[in-house]
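# Structural overview for review
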Amino acid sequence: SAIRLAADVPVGVIEVIEGYSTSITLPEKVDLVVAEIIGSIASEESLHATIRDARTRFVKRPFDPASYIPTRCQTYGAPASYALHYSLGPPRFD
């Protein structure tokens, strides 16, 4: 857990508050938001809504990129086709 990992940090440097960021309240605004981004694309797990909520409620300098880790998240995509796809026939499963 995060509390065990922060055990060697001096008292008062980091305070671990457990819970969903959209459900908790903080005693004061913070300098840094650290987002754990899990998923194949940037919009998974309502990332945009969660960061927007954190920016509105928690961040001292909400429009400073240095207030966030990571500072940006991108998904790349490209259209593709395979010309021989239909001429090969339906897929066979063993």
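Below is a short write-up of the structure.

Here is what the cut-offs are and how they apply
Residues numbered from 1 in each chain as written. Predicted model: local features only at pLDDT ≥ 70, side-chain atom pairs only at ≥ 80, totals over all residues. Heavy atoms only, no water. Helix = DSSP H or I, 4+ residues; strand = E, 2+ residues; numbered from the N terminus. Buried < 20%, exposed > 50% of the residue type's maximum accessible area, 1.4 Å probe, protein only. Areas by Shrake-Rupley, 256 points an atom, 1.4 Å probe, with all protein chains shown as cover. Contact = heavy atoms within 4.5 Å.

### Topic: the overall build of the chain
Helix and strand counts for the chain stand at 2 helices and 2 strands. In the chain, the succession of α and β elements from N to C terminus is α-β-α-β. A buried classification covers 11% of the 94 residues belonging to the chain. Accessible surface, the chain: about 8300 Å² in total, of which carbon and sulfur atoms supply 58%.

### Observations concerning the environment of Ile37
Within the fold, Ile37 resides in the loop between strand S1 (33–34) and helix H2 (47–57). Once the C-alpha coordinates of Ile37 and Pro70 are considered, the two residues, 33 residues apart in sequence, prove to be 8.7 Å apart. In this structure Ile37 touches Leu47, Pro70 and Cys73, once residues within four positions along its chain are discounted.

### Some details on unusual backbone geometry
With an omega of -5°, the peptide bond running from Ile69 to Pro70 counts as cis. Positionally, Pro70 belongs in the segment after strand S2 (68–69).

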